[in-house]
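# Structural description and commentary
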Amino acid sequence: MKKMYCFKKQTRLLLILILLLGMILPQKPILANENTEKSDDASVTNTASFCTDVMYRIVTDRFFDGNTKNNPTNELFDKKDSGKYHGGDWAGITQKIKEGYFTGMGISALWISSPVENITSLDPVTKNAAYQGTWAKDYLRTNPYFGSIQEFKTMIDTAHKADLKVVIDFSPNATSQVMSSDTSVKFQEDGALYRDGKLLGSYNNDSSGLFNHETIADLKTYENGIYHSINGFADLNQQNTTIDQYMKDAAKKWLNLGVDGIHVDSVDSMTMGWQKNWLSSLYATKSVYVFGDWFESGTSINDPNQINFVNHSGMSTVDYAFSNALRNAFGTSTGTMKQLSSVVQVTGYNYEEVNQQVTFLEHDKTNRFMNLTKDNHSLEAAYVVLLTSRGIPSVYYGSEQYVANKNTMTDMPCFDTTSNAYQIIGALASLRKSNPALAYGTMKDCWVNDNVYIYERKFGDNVVVTAVNKSKTTDYTIANMHTNLPAGVYEDVLQGKLNGEKLYIAGNGSAYSFLLKAGESAVWQYTAKQNNEPIIGNVDPMIGITGNTVTITGRGFGTREGRVLFNDSKASIVSWSDSKIRVLIPDVKAGMYDIKVEKSNYTKSEPYKNFEVLSGPQVSVRFRVNKADGYTNSQVYVVGSIHELGEWDMKKAIGPFFCNTDSIGKYPTWFYDINVPSGTVISYIYFKLDNKGNTIWESGTYHTVVTPAKGTETFDSTWQK
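First, a word on what this report is: a plain description of the structure on this page. (Residues numbered from 1 in each chain as written. Predicted model: local features only at pLDDT ≥ 70, side-chain atom pairs only at ≥ 80, totals over all residues. Heavy atoms only, no water.)

Along the chain, Ala234 falls in strand 9 (residues 233-235). Accessibility expressed as a relative area gives 0% for Ala234, which makes it buried. As a C-alpha pair, Ala234 and Asn204 span 30 residues in sequence and 9.7 Å in three-dimensional space. Not counting residues up to four positions away in its chain, the partners in contact with Ala234 are Asn173, Ala174, Thr175, Ser176, Val178, Gly191, Tyr203 and Phe211. (Helix = DSSP H or I, 4+ residues; strand = E, 2+ residues; numbered from the N terminus. Buried < 20%, exposed > 50% of the residue type's maximum accessible area, 1.4 Å probe, protein only. Contact = heavy atoms within 4.5 Å.)

The next thing to look at is the sheet that holds strand 13 (residues 358-360). Spatially, the 8 strands line up as an open sheet ordered 12-11-10-5-2-1-14-13, and their pairing is parallel. Across the chains shown, the open sheet's two edge strands, defined by having one partner strand only, are strand 12 (316-317) and strand 13. Two strands pair when backbone bridges link them, and strand 10 (residues 261-264) and strand 11 (residues 289-292) are joined in this way by 4 bridges, in the parallel orientation. The partner of Val264 across the bridge, within strand 11, is Gly292. Across the sheet, helix 5 (residues 241-256) is in contact with strand 5 (165-170) and strand 10; its angle to strand 5 comes to roughly 155°. (Pairing = 2+ DSSP bridges. Axes fitted to C-alpha atoms, helices over the stretch in contact; angles between N-to-C directions.)

The subject of this paragraph is the pattern of salt bridges. This model, assessed by the stated rule, comprises 29 salt bridges. Across the salt bridge formed by Arg141 and Asp196, the nearest N and O atoms sit 3.1 Å from each other. In this pair, Arg141 sits in strand 4 (residues 136-142) while Asp196 sits in the loop between strand 7 (193-195) and strand 8 (198-201), placing the two residues 55 residues apart along the sequence. Judged by relative accessible area, Arg141 falls into the partly exposed class, the value being 37%. Across the pair Asp716 and Arg624 runs a salt bridge, and its minimum N-O distance is 2.6 Å. Remark: Arg624 occurs in strand 34 (residues 618-626) and Asp716 occurs in strand 41 (residues 712-718); sequence separation between them is 92 residues. Each of Asp53, Lys165 and Lys433 takes part in a single network of salt bridges with overlapping partners. (Salt bridge = Lys/Arg side-chain N within 4 Å of Asp/Glu carboxyl O.)

Taken together, the 4 strands give an open sheet; going across it, the order is 36-37-34-41, and neighbouring strands pair in mixed fashion. The open sheet has two edge strands with one neighbour each: strand 36 (658-661) and strand 41. Here the average twist between neighbouring strands, direction ignored, is 35°. Direction of pairing for strand 34 relative to strand 41: parallel, over a ladder of 7 bridges.

Attention shifts here to the environment of Asn499. For Asn499, the location among the structural elements is in the loop between strand 20 (488-490) and strand 21 (503-505). Distance from Asn499 to Ser148, taken between C-alpha atoms, is 47 Å for residues 351 residues apart in sequence. Residues in contact with Asn499, not counting those within four places in the same chain, are Lys517 and Glu520.

With the rule as written, the count across this model stands at 46 aromatic pairs. Seen from their ring centres, Trp90 and Phe146 are 6.0 Å apart, and the 65° between their planes marks the pair as edge-to-face. With Trp90 in helix 2 (residues 90-98) and Phe146 in the loop between strand 4 and helix 3 (149-161), the pair connects residues that are 56 residues apart, well separated along the chain. Judged on exposure class, the residue Trp90 and its partner Phe146 are both buried. On the numbers, 5.9 Å between centres and 80° between planes, the contact of Phe514 with Trp524 is edge-to-face. A residue pair is termed long-range when its members are at least 10 positions apart, and Phe514 in strand 23 (residues 514-516) and Trp524 in strand 24 (residues 521-526) qualify at 10 residues. Each member of the pair Phe514 and Trp524 is classed as buried. Every member of this aromatic cluster is reached through a ring pair, and the members are Tyr222, Tyr227, Trp294, Phe309, Phe623, Phe657, Phe658, Phe671, Tyr672, Tyr684, Tyr686 and Phe715. Between Arg62 and the ring centre of Tyr131, over which it is positioned, the NZ or CZ distance is 3.8 Å. The ring of Phe50 has Lys165 lying over it, and the distance from NZ or CZ to the ring centre is 4.3 Å. (Phe/Tyr/Trp six-rings, centres within 6.5 Å; stacked < 30°, edge-to-face > 60°. Lys NZ or Arg CZ within 6 Å of the ring centre and 35° of its normal.)

Any link to function would need more than the numbers given here.
In structure tokens form, the structure reads like this:
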């Protein structure tokens, strides 16, 4: 009786407190849809930034057959065989756009298989066809089994009218398979590469040097993965001028057809120098979102090459570490919320633009999540975290229908718009468009243990708080939790679909104690009506040359045009709104810049750091030095006169160089492929750094060369002793 009396007394006191705070508490609960007007940064025309978007990943062949006339009529097609074509095509995607399947789920970007022409023979070992779209043959023609060029254009136009962006897979690293562990196997098409129907060469008929001719990669070193064949595929030599120009032309063709973003496969299998040169060419054509695939099977983030690529390549990446931690936490008995929180913190520290990385629960390189756990509720809770965490979330096709087939690329089973997962994704995808905290906000823990993850996203005065209890049996009392939510009563954005309830916040942002029940997930949000101070959420792309267009998104820029500064240099304004500004990179010296927005009332934003202005249009050059021996446990670096070579600053030198590739150079020959400005006189010198930090410089004078006006080149020299 005494306990019951105390409970009733505490309840009365709480009600009295809420009544006394009536002047500051809202008269109605704060809902998810109170401020749903789409801002300029969330427009389908914003192709530079995808931070407000939720992408839907489609394996085109397995989604929906909208035109049976383009299906293969030979051994390539068999819907009962998981390795053959099944008929999905662009006409099918177009039909589902028109039916509203994607927009009903809140999706605002479609990420589809590579559209380029693939080989038309079966793999002699697996007997599989090229249904995935990754066995390229001609990058300037369409895959006829996906549709015609007109059907591709129709899909793009239909998507844009429905406020959907379109992202394509693009694989400039390799064509088709040419070797296997069984050397007696012959591959019919020999990795052949065509340019709009004209044969350029094949792996075993390669007089032009279009391919790297090394063994199958063992992936023990970064160098091995770049220049050796991945899984027996014909590894393209991007340092070949023909290949370099080909890949620039091919990517631009698809961009000119209306593509809004590019996912680059196997970025860890190509040099960053060539990729920056390639990206610079694309960004001069169109301000577009590009992200790469650097595969990681675990959750550790300790590869310096990967971290360097994420921060300095000029493109984003697929965030495997976060996504694997998410899958572990909800799909295994050993994964915990604490481990997931730790990965969030480590990636937030290592990645300069963590909100720009692409996250997932399922992917074409992972097993279906429902194979880890047969529990629908676990998938739903995992999506709550995915869609409210930092990063750009992607939904793998069929996930919203709880696909559990062991074949990751199974046929789309149905298009049920009433499934709980479909509804949950829709509610949270819509919130990402209306509340900028999900697009640009910081992420901090509010309350965490092995089963519970409560965190807050904050951007300006915009706040989203997410609470998930993955335990199926244990309730948790959440006490002493502080947020940045204004005082009030907050409704669950999910409207109780996962048993979430109201959240009560006092005047200092503290939450009243509440019970987070077993299996409960809830999301509470506050969207500010206006932002008086300018806050930059994102700058895209993060590299460019003078005159390129850069898009700045955020809040509080005002409707009257102000100024954008690169350090102290004023940029020319292309367009200006309260949430999106487009500017031209000013004529400044190459280097790293802080970007600030200054409103018309002279109020300035905090700086957005580390925008890289390149020295000019880029080319890829191979620097190779011979006879650099005589020093044990040392590695070779280069430093030079231009920004791309560190401007004589040893701390910014490029390297360590490679020295273990038969067809290019083996110790004591060292080499590295680097992006440099075209048609420019540059000077440089090599040095060695041993494992104790000692520096050994070349003797003699600097090397001085003129970089090529276009294409690629190799600068050979001998170590000056």
